[in-house]
Structures are given as structure tokens and as C-alpha cells.
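The chain contents come next:
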Amino acid sequence: MPKRTMVLTALSLIVLFDGSLSFPPGPAAYEGSTPCCGEASEVQPRQLHLAYYSLANGSHSTLLLVSDFPKALDFFLAVRSRSGQTALAPMMTIQPYEKLSIDLRKLLVGLSADVIGDFSEGSVTIYFNGTIMPLAGQVTITDPLRNLSLESQMIDSPPGLGLLPKELHGLWWGISAGRDATIVVTNTSIEGVSADVFLDFHGKRRPSGPLFLGPTKPGYFLLRTCWASSR
Amino acid sequence: MLGEFKVSPAQAPEGGISIIPRSPTPALIAQGQITDPVTGFSTTLNFPLPELQLASALHASGVPIGVPSHDSPFAGLGLFIPHVIVRNLASAAQTVAITVEYPGEEGPAQAALAPVGLEPYSTREISLASALGLLPTALPFCSLRIHYSGPPGSVIGEVSSIEQKGDLVIDSRLANEGDGWAGSGSHPWRLDAETDSVLFLTNMGEQEVPVLFRMHAGGVTFFLTDLRLGPRETRAIDLRKLRDEQKPDFMGNVIPANATDGSVSWIRADLVPVMGRLVVLRRNKGIASNYDCPGCICPASFTGTLEVRNPNGNANDYAMLEDNPKNFEAYAFMTQCNTSQSWARVTADSRTDWKSYHPSIATVTNDTKSKGRVTGLIYGDAQIEAKHTGKVFPLPTCTPPQDKTGTDTIKVMVSEVCSGERGTIVQEYIDYRVTLALRCSFFTQTAHSQYFSFAEMETGDYTWALVRRPLVRPASSGYGLDRWRELYGAPRIINSAYRNPSRNARVGGAPQSRHMYGDAVDLRNESGTAGEWQQMDDAARLAGADYREPLSLSGYGHVHADWRNHDAYNDFAQ
């Protein structure tokens with residue numbers, strides 16, 4: 001194993017804010033209350049959320065999209081920066097059963113986004129009209145020089161279907177000198193969201209101060225704050 | 001940086017984080033990662049959907065363990081030790097029991113590890129290094145079942161297999177056994193000199209389960225129709241091997257030999273929990289990516305034409321199937337998205353009853369091995385019916401599965417076997433999916449009308465052509481080509497009449513162009529003027545043409561007319 005040269009470990013919780021986004025399908029569609037299994041198979045505005053991409057430190061982020069739909073499907077792609085800014089790409093089309101590979105760095109450079117600074121990491125949302133999940137996607141983050149490979153899992157958001165988690169429970173492990181641990185939280189709505197944060201370690205649940213993810217004030221929330229307040 | 005937290009890595013190498021929104025409307029998503037920029041160690045941290053934690057057991061599929069055997073997708077990558085990390089979300093202690101499931105010599109085998117305790121609100125990393133001694137020397141892969149004693153959803157976890165020298169980490173996302181659709185849907189794959197793609201499927205239940213598998217590449221759809229998983233079995237489907245075998249599926253399709261990208265989708269076809277994941281391995285760079293979806297994708301409806309061989313044993317001996325517009329997947333299964341009740345999925349594998357209403361023309365088998373296979377016997381059309389009883393599978397958070405019964409029919413068109421040039425032409429109709437069943441006697445080398453010779457009508461590649469009756473009817477019949485000519489009132493030159501499918505494709509004809517059916521003619525507009533074009537079009541209308549190409553399609557160079565609805569569709573002139 002190569003000798004580790006870094007001795008510091010970062011365990012940070014990055015909070016990505018969504019700024020207000022006036023874009024189809026719009027907030028009304030997203031916040032609809034279509035009951036589960038009621039109209040979910042109908043064509044309606046839908047969103048796919050990918051929690052994280054990174055171009056930082058030489059990383060490559062590739063959005064892979066596959067269509068399981070027998071017709072061409074138009075979609076819009078919105079990239080959100082760390083500060084909550086939105087870079088909206090022109091409408092794209094995916095052909096039936098096609099696989100699209102979108103280099104997010106090229107895309108953002110083409111949109112004149114700051115890939116060195118604010119847009120060096122963030123989240124991705126895809127908007128389209130369709131039946132439930134005709135599109136599947138994933139952001140693969142790689143750094144071939146350092147053999148890093150990470151995936152950003154897709155979360156589908158048909159209006160009212162409730163596939164977004166009501167609570168977020170995760171874990172970390174293998175933290176040691178030289179390893180970075182980062183947890184990214186993204187607010188997918190255009191409303192501010194308050195949340196309680198708990199850290200479990202050493203057999204105890206430690207409540208932290210409430211977390212507010214608003215649409216207007218971008219910023220970071222570092223886990224060390226939670227950690228400090230929980231001790 | 002951790003120093004600023006006043007907690008050293010050694011003090012809290014593992015732990016848990018919970019974020020509970022105060023609003024009842026879900027809006028937050030999260031993801032984490034652990035990376036070591038120096039060694040390349042990288043692993044993804046997931047926040048599983050609580051709504052999918054419906055059972056007190058988790059499963060990981062396709063986990064490299066030990067030194068993988070030579071037939072493993074992970075062969076040559078090193079020595080792997082799986083690590084299971086579990087977090088107790090509950091305030092009460094519980095136990096966790098890990099079972100290693102692996103392919104044994106006589107089928108799926110299991111090795112149970114000693115249960116371990118999990119204190120309240122604690123996170124524990126469990127190395128499976130000690131399990132290697134319980135297992136055969138070299139395994140291609142294994143699956144891990146993690147059963148916990150608390151209520152469903154009280155434990156979450158991660159599984160990462162770490163190569164001991166290079167810090168290559170292969171994550172195996174955990175699925176809850178109550179989420180019987182875990183990972184199903186569509187996934188992107190890649191194959192190149194450095195990259196392999198392997199789909200792992202695990203039957204998490206105690207019954208055999210059929211799995212529907214579909215692979216797309218280069219415009220080709222390829223099916224595996226005999227895929228069944230035994231209880232607790234994990235199957236690795238190496239997409240490179242599948243591509244390189246060049247073995248046709250039941251429709252005769254093969255994955256293009258040079259395909260490097262595409263998508264693969266799969267779905268269980270019975271009420272047995274199945275999980276799967278696609279692993280994309282970049283061998284030289286030590287990178288492994290997982291693809292799986294947190295929910296399910298409703299499979300697309302199948303429409304199109306099918307091709308079956310008829311029983312004479314001749315490789316060129318084909319029949320044609322034409323699918324009706326209904327949602328339908330022929331052969332051994334059907335899937336469809338139910339749009340009338342809900343978002344749902346209907347499957348009907350072994351419970352489909354197939355019947356031919358015209359068994360003297362085409363038969364359909366009902367036995368397990370070749371269920372749904374249609375065999376053409378003689379020229380003609382036959383109706384094939386499939387009655388299916390399947391399950392409507394709503395999302396896990398929705399209503400329970402319900403039985404659903406339906407009936408679909410397809411029209412089968414069986415062509416006759418011809419020799420020589422006509423045999424070649426018939427083959428083109430099959431290759432180009434032209435939905436016309438042919439007899440050898442339909443072809444002509446002499447048919448002509450009063451004004452137009454066979455040589456003028458034969459605008460294909462061969463000496464034989466199809467000429468339907470309207471093209472040779474006398475003008476006095478009131479319709480047809482000669483009537484058109486007379487109504488126009490002057491000689492006309494045929495630009496194009498009969499085209500064999502290959503020729504039609506080369507000249508950019510429509511996929512089902514009537515020129516291949518022998519009832520379409522393009523007459524030249526000699527002056528190229530709008531006035532002459534309009535006069536010719538008016539004459540075609542008066543000559544009863546069933547279809548006239550609009551100017552926007554034809555241009556001023558010619559007028560296209562056909563008589564597709566006149567005379568019997570199989571009334572060909574000789």
C-alpha cells in the first residue's frame with residue numbers, strides 16, 4: 001500500500017441549497033398530492049435528483065442516463081452549485097433505449113459556469129415529462145490518477161409519489177488518518193427546510209442543533225459543528 | 001481538520017448520522033463518501049429509503065471474497081476481504097447474523113457466521129476475514145445476507161469489499177429483502193479494452209423465480225428468455241461473454257459484436273424478492289462502479305415484428321409474426337405497464353396459456369422449455385392468443401399485489417419457402433421486417449398493363465416482381481394505374497413501381513413502403529412544374545388512389561399514388 005502522506009482527515013457535512021428555480025414542471029407540479037399508485041403511470045412532470053457531483057481536485061463527473069422508454073424523451077438538466085446557483089442546460093433528447101453519457105465539466109464550461117469555484121461540486125436535477133421512471137441515471141465521479149470512483153445515486157421524484165426519504169439515516173466507517181469523509185445534503189424543494197440532526201457514536205445518540213436549508217442563503221454546514229455541540 | 005472537531009479519527013472511526021426534517025413533505029436527499037486521495041480508497045455512503053426497509057434482513061449481491069476464482073469477474077484483481085458495516089438505529093441492543101451465500105458444486109451453498117451484538121445507536125464494522133476459512137478456496141463471488149433481530153428498518157448497513165494491496169474498494173449496495181425490486185430497471189453498461197460489465201442477480205427468496213432480461217445495444221434488443229434463479233442463488237451475467245458468444249435470442253437477434261455501450265434492464269417475473277446490480281469494472285485503473293436504482297422502472301411496451309422459423313429445418317425457412325399494437329412481449333413472457341389502474345407491472349410467465357386459432361397454419365407451444373414459441377407450417381395468417389394471469393406489483397409503499405388476468409393476440413403471417421431468386425427476395429422481406437406473407441406464386445416476370453410493360457413496373461434488383469391487381473386493371477375498371485394514365489391524358493414515365501426491400505431501403509423508402517407490396521407507382525412530372533404536378537395528382541385522385549403522397553413529401557419531381565385498399569391484398573397479377 002502506498003505510504004500515506006496526508007494525516008488530516010476531513011469529516012464534513014456540506015449542505016447544498018437550491019435557489020428558487022422557475023422552471024417546468026414548477027413548484028406546483030412538484031408539490032402536488034397525487035396519491036401513491038393513483039396516477040403515477042400517467043405522463044406528468046417528473047424529476048430525477050442526483051445528490052452530488054464533483055469536479056474538484058481533478059475529479060471527473062459523468063452523468064449516465066439510460067432510457068427505458070419506447071419514444072424519444074426530452075429533458076432539461078439543471079446543475080446546482082455549492083452556493084445554490086443553477087446552471088440550466090438547453091433541452092436535450094434521449095432516444096428510445098439510448099444511453100447518454102454527459103461530461104458535467106464540459107457541460108458546465110459550455111454554460112460558462114465556474115467549474116473551478118462555485119460549480120466545482122454540487123447536485124444535478126433532471127426534469128422531464130413521462131411515466132414513472134422511464135429514465136434512470138447516475139453520476140459517476142472518478143479520479144483515475146488516484147483510482148477514486150464514487151457514484152451518486154438517482155432519486156426519482158414523481159410528484160406526490162413520496163419516493164424521497166422522510167428521514168435520512170446514514171453511517172460512516174473506516175475513518176482513519178488520510179481519509180476524507182464527506183456527507184452532502186441537498187434540499188430538492190424550493191421551500192426552506194428545517195431538520196434535526198443526530199450523531200450516533202460511542203453508543204449514544206447526540207442531538208445537534210437544528211439544521212435549516214433555505215432557498216436563499218447558500219452555505220456549508222460542517223459536521224464539526226454538530227460534533228462540537230454534541231459533546 | 002478533524003483536530004478542529006476535537007475528535008480524532010481513532011476515537012470515532014465509525015458512527016451514524018440521522019437528519020430528521022421537521023416538515024412532513026420529503027425534500028432532502030443525502031449522500032456521503034469516504035476517500036483516501038493517496039491510496040485511492042473510495043467508498044460511497046448511502047442513505048437508504050426508510051420506506052423500503054420492510055424486512056429485518058439485508059442483502060448484498062456479487063461480493064468479491066478471497067482470491068476470486070479464474071472464472072470470476074473479479075479474477076486477477078487481488079485478495080478481497082468484505083467488510084460489513086451495520087448501524088443500529090434503535091434504542092435497544094440487537095444481534096446481527098451474517099450468512100455468506102456462494103455458488104457451491106451442487107448449487108447454492110451457505111455458510112453462517114456467528115451472530116454479533118449491536119449496541120443501541122452503535123455502528124460496527126465487521127471484517128469477514130475470518131469467514132474465509134469456512135469457504136472453498138476460491139469463489140467467483142458471494143452474496144451476503146444480514147439478518148438482524150430488531151424490527152424492520154432498525155438496522156442499516158454498507159458492504160464494501162477491500163482489496164488488500166491496492167485499496168481497490170468494490171461497494172455492494174445493500175438492499176432490504178422487503179424491497180423485492182431492488183436494483184431492477186435500466187442500467188448503463190460499457191465494454192472496452194479496460195472495462196467489463198457484469199450484472200449480478202440474487203434471488204432473496206426461497207422459491208425459484210424467473211427473471212426477465214433485456215439488453216439494448218446499437219439499436220438491437222436482445223433477450224434472455226430462460227433465466228431462472230434458484231432459491232438464494234446469485235447469478236453473474238458477464239455482458240462481454242454474452243456479447244461475444246453471438247448467440248441469437250429467440251427472435252434471432254444478437255448483440256452487435258462491436259457494441260461497447262448500451263443499457264440492460266431486468267425485472268423479476270414472480271412474487272419472489274430479487275435484487276441485482278450492475279458492476280462496471282475498469283481493471284487497469286482499479287475502479288469499480290455500481291449501478292442500481294432505488295426504485296423500479298416500468299418496462300416499455302413491446303411493439304414490432306417477430307420472426308420465427310418454420311419447421312422444415314431450412315435455415316432460410318422463415319415465417320413472419322406481426323405484433324398487434326397492444327402491449328406485448330411474445331415468447332415466454334409478457335410484461336406491460338398497466339396504465340388503467342395504477343403504476344403497476346404485470347408479468348405472465350409460466351402462467352401464460354398460448355393458443356393458436358389456426359393451428360394448421362401456425363402452432364404455438366405451451367411446454368415450459370419453449371413456451372410461446374410460434375412455428376409456421378404453411379402460408380397464411382393465424383391468430384395466436386396468450387391468456388395470462390399475473391400479478392400487479394405496486395410500489396412497496398402501495399397496495400399489496402393483486403392477480404390480473406388479460407388476453408393478448410398477435411397476427412402470425414407465414415411465408416412460403418421459395419427457391420432461387422424468389423427465395424432471396426422472401427428473405428429480404430423477413431430481414432427488413434416487411435409485414436407481408438409471401439407465396440412463390442405471387443411473383444411475376446411478365447405482368448403488365450395496357451400502357452405499362454413489366455420492365456417499366458419492375459424497378460427492383462431482380463427479374464421477379466410483385467404486381468398487385470390495381471396496377472394492371474384496365475382503365476375501364478374505373479381505378480388503377482391505367483385509369484390514372486388515361487385521366488391525365490398523356491404518356492407518363494414510371495420513376496419507381498415495385499421495389500424489393502433492399503432496394504427500397506437504399507433509395508430511402510419508408511420502412512413499410514407500398515412499393516414493396518406491389519401497388520404503388522411514382523409517375524414522373526416531366527416539366528417539374530406545380531401545374532403539371534397538380535394535374536397528375538388530381539388524376540390520381542379520380543383514379544381511386546387510396547393514398548397520394550403530399551407535395552411536401554414527394555416534391556415536384558413525381559407523383560406517388562397507391563391502391564392499397566383495392567382488391568385482395570394477396571391478389572397479384574401474373
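Residues numbered from 1 in each chain as written. Chains lettered and ligands numbered in written order. Predicted model: local features only at pLDDT ≥ 70, side-chain atom pairs only at ≥ 80, totals over all residues. Heavy atoms only, no water.

What about the overall build of chain B?
Operational definition: Each helix is a run of DSSP H or I of at least 4 residues and each strand a run of E of at least 2, with the numbering of both proceeding from the N terminus. To sort residues, take the accessible area from a 1.4 Å probe on protein chains only and compare it with the maximum for the residue type: under 20% means buried, over 50% means exposed, and anything in between is partly exposed. Computed with a 1.4 Å probe, the accessible areas rest on the Shrake-Rupley method; for each residue, only the protein chains presented here act as cover.
Helices and strands together make up the secondary structure of chain B, namely 8 helices and 35 strands. In chain B, which comprises 574 residues, the proportion classed as buried is 61%. Roughly 21,100 Å² of accessible area belongs to chain B as shown, and the carbon and sulfur atoms make up 50% of that amount.

Side note on the packing of aromatic side chains
To keep things clear, this is the line we draw: Note on ring pairs: Phe, Tyr and Trp rings are taken, using the six-membered ring of Trp, and paired if centres are within 6.5 Å. Classes follow the plane angle, with under 30 degrees stacked, over 60 edge-to-face and the rest tilted. Here, over-ring charges are defined by two tests on the NZ atom of lysine or the CZ atom of arginine: distance to the ring centre within 6 Å, and angle to the ring normal within 35 degrees.
Inspection of the entire model under this criterion finds 5 aromatic pairs over all chains. Members of the aromatic cluster, joined through ring pairs, are F74, F80, F141 and F200 of chain B. Here R205 of chain A stacks its cationic end above the ring of F198 of chain A, 5.5 Å away from the centre of that ring. Positioned above the aromatic ring of W464 of chain B is the side chain of R422 of chain B, whose terminal nitrogen or guanidinium carbon lies 4.2 Å from the ring centre.

Here's the deal with unusual backbone geometry
Of note, the phi angle at S112 of chain A is positive, near 60°, even though the residue is not glycine. Here S112 of chain A is to be found in the loop between α2 (104-110) and β8 (121-130). In this structure, Q246 of chain B takes a positive phi of about 55° despite not being glycine. Here Q246 of chain B is to be found in the loop between α2 (239-245) and β20 (261-268).

With respect to the sheet that holds strand β11 (residues 155-163) of chain B
Residue and element names in this part refer to chain B. Note the threshold: The pairing criterion for strands is at least two bridges between them, as found by DSSP. Orientation is described by axes fitted as lines to C-alpha atoms, over the contacting stretch for helices, and by angles from 0 to 180 degrees between their N-to-C directions.
An order of β9-β5-β11-β12 is seen for the 4 strands of this open sheet, with the pairing classed as antiparallel. Looking at the sheet topology across the chains shown, the edges are occupied by β9 (123-127) and β12 (169-171). Pairwise comparison of adjacent strand axes, ignoring direction, gives a mean angle of 25° for this sheet.

Here's the deal with helix α7 (residues 530-542) of chain B
Residue and element names in this part refer to chain B. Condition: A helix is expected to span 1.5 Å multiplied by its residue count minus one. Here, the arc refers to the directions that run from the helix axis to the C-beta atoms. Contacts are assigned to residue pairs that have any heavy atoms within 4.5 Å of one another.
In this model α7 runs 18 Å from its N-terminal to its C-terminal C-alpha over 13 residues, within 8% of the 18 Å that 1.5 Å per residue would give. Along α7, the residues classified as buried are E532, W533, M536, D537, A539 and A540. One side of α7 holds all its buried residues, which, seen down the axis, span an arc of 160°. Looking at the buried positions of α7, the neighbouring elements they touch are α5 (481-488), β33 (520-524), β34 (547-548), α8 (551-554) and β35 (558-562).

Quick word on the nonpolar core
This is how the line gets drawn: Side-chain atoms within 4.5 Å link the members of a nonpolar core, which is a set of buried Ala, Val, Leu, Ile, Met, Phe, Trp, Tyr and Cys residues.
By size, the foremost hydrophobic cluster in this structure holds 31 residues, and its most contacted members are Y53, L63, F75, L77, L108 and I126 of chain A. Where this core is concerned, the elements lending two or more residues are β2 (44-54), β3 (60-67), β4 (73-81), β6 (92-94), β7 (99-103), α2, β8 and β9 (135-143) of chain A. Setting aside residues up to four positions removed in sequence, I126 of chain A forms contacts with R46, Q47, L48, L50, L63, L65, F75, F76, L77 and L135 of chain A. In this structure, L168, L199 and F201 of chain A together with V169 of chain B belong to the second largest nonpolar core, which totals 30 residues.

Notes on the sheet that holds β35 of chain B
All names here are of chain B. The sheet built from 4 strands is open, its strands ordered β32-β33-β35-β34 with antiparallel pairing. Pairing within the sheet leaves two strands with one partner each, and these edge strands are β32 (494-496) and β34. By the bridge criterion, 2 bridges tie β32 to β33 in an arrangement that is antiparallel. From the neighbouring strand, I494 faces β33, where its bridge partner is L523. Contacting β33, β34 and β35, α7 crosses the sheet at an angle of about 10° to β35.

Examining the environment of E456 of chain B
All names here are of chain B. As a reminder, the rule being used: Contacts described as polar in this section are N or O atom pairs within 3.5 Å, which, within protein, must combine one atom able to donate a hydrogen with one able to accept it, while residues neighboring in sequence count only if both atoms come from side chains.
In this structure, E456 sits in helix α4 (residues 454-457). Under the relative-accessibility criterion, E456 is labelled partly exposed at 31%. The sequence separation of E456 and Y498 amounts to 42 residues, and the corresponding C-alpha distance is 9.3 Å. Those residues in contact with E456 that lie beyond four places of it in its chain are Y451, I494 and A497. Separated by 2.8 Å, the side chain of E456 and the backbone nitrogen of S453 make a polar contact.

A look at the side chain of S161 of chain B
Residues and elements named next belong to chain B. Mapped onto the fold, S161 is located in strand β11. According to the relative accessible area criterion, S161 is buried, its value standing at 0%. A distance of 2.4 Å separates a polar atom in the side chain of S161 from the backbone oxygen of P64. With residues up to four places along the chain from it excluded, the contact list for S161 reads V63, P64, F80, I81, P82, L168, V169 and I170.

Thoughts on the side chain of E549 of chain B
Residues and elements named next belong to chain B. To be explicit about the condition: Working convention for charge: Lys and Arg count positive, Asp and Glu count negative, and His plus the chain ends are omitted. For salt bridges, the criterion is a side-chain nitrogen of Lys or Arg within 4 Å of an Asp or Glu carboxyl oxygen.
Looking at the secondary structure, you find E549 in the loop between β34 and α8. R499 provides the closest opposite charge to the buried, unpaired E549, separated from it by 7.3 Å. Leave out the neighbours within four places in its chain, and E549 touches W533, S554, H558 and H560.

As for the pattern of salt bridges
Residue and element names in this part refer to chain B. Enumeration according to the criterion identifies 25 salt bridges over all chains in this entry. Close ionic contact of E233 with R235 constitutes a salt bridge, the shortest N to O distance being 2.9 Å. Ionic contacts of the salt-bridge type, sharing partners, join the residues E101, R145, E177, E206 and R232 into one network.

Here's the deal with the confidence of the model for chain B
Residues and elements named next belong to chain B. For clarity, the cut-off: Each residue gets a pLDDT score, which is the predictor's confidence in that residue and runs from 0 to 100.
Looking at chain B, pLDDT values average 78 and 76% of them are 70 or higher. Note on residues 1-5: pLDDT under 50 across the span, and 15 contacts to partners over four residues away in sequence or across chains. Low pLDDT (under 50) marks residues 391-401, which in the prediction has 43 contacts with non-local residues, meaning those over four places away or in another chain. This prediction of the complex comes with two scores: 0.62 for pTM and 0.77 for ipTM.

A word on the pairing of strand β6 (residues 94-104) of chain B
Residue and element names in this part refer to chain B. In terms of strand pairing, β6 meets strand β8 (residues 116-118) through 3 bridges, oriented antiparallel. Bridge pairing in β8 places T95 opposite G117. Sheet topology places β6 next to strand β10 (residues 142-148); 6 bridges connect them, and they run antiparallel. Paired with I98 across the two strands is I146, which belongs to β10. The pairing of β6 with strand β7 (residues 107-112) spans 6 bridges and is antiparallel.

Points about the environment of S453 of chain B
All names here are of chain B. In this fold, S453 is placed in the loop between α3 (420-431) and α4. What makes S453 partly exposed here is its relative accessible area of 31%. Expressed as a C-alpha distance, the spacing of S453 and V472, which sit 19 residues apart in the sequence, is 9.7 Å. When residues no more than four places from it in sequence are discounted, the contact partners of S453 are A447 and H448.

What about the confidence of the model for chain A?
Residues and elements named next belong to chain A. On average, residues of chain A score 68 in pLDDT, and 63% of them reach the 70 mark or higher. Mean pLDDT per element in chain A: helix α1 (residues 26-30) is the minimum at 24, and α2 is the maximum at 95. Here residues 158-162 is a poorly scored stretch, pLDDT under 50, and it has 20 contacts once near neighbours within four places are set aside; other chains count.

A few points about α5 of chain B
All names here are of chain B. Here α5 has its buried residues at L481, D482, W484, R485 and Y488. Here the buried residues of α5 occupy an arc of 155° about the axis, which is enough to place them on one side. Just beyond α5, the residue with positive phi is G489, at close to 95°.

So, the packing of α5 of chain B against α7 of chain B
All names here are of chain B. Rules: Each angle receives one of four descriptions, namely roughly parallel if under 35 degrees, roughly antiparallel if over 145, roughly perpendicular if within 65 to 115, and oblique otherwise. Note: crossing handedness is left-handed where the near helix turns anticlockwise from the far helix by less than a right angle, and right-handed where it turns clockwise.
Running from amino to carboxyl end, α5 crosses α7 at an angle of 135°, the nearest separation of the two axes being 8 Å. Taken together, α5 and α7 sit at an angle that is classed as oblique. Relative to α7, α5 is oriented so that their crossing is right-handed. Contacts from W484, L487 and Y488 in α5 reach E532, Q535, M536, A539, A540 and L542 in α7.

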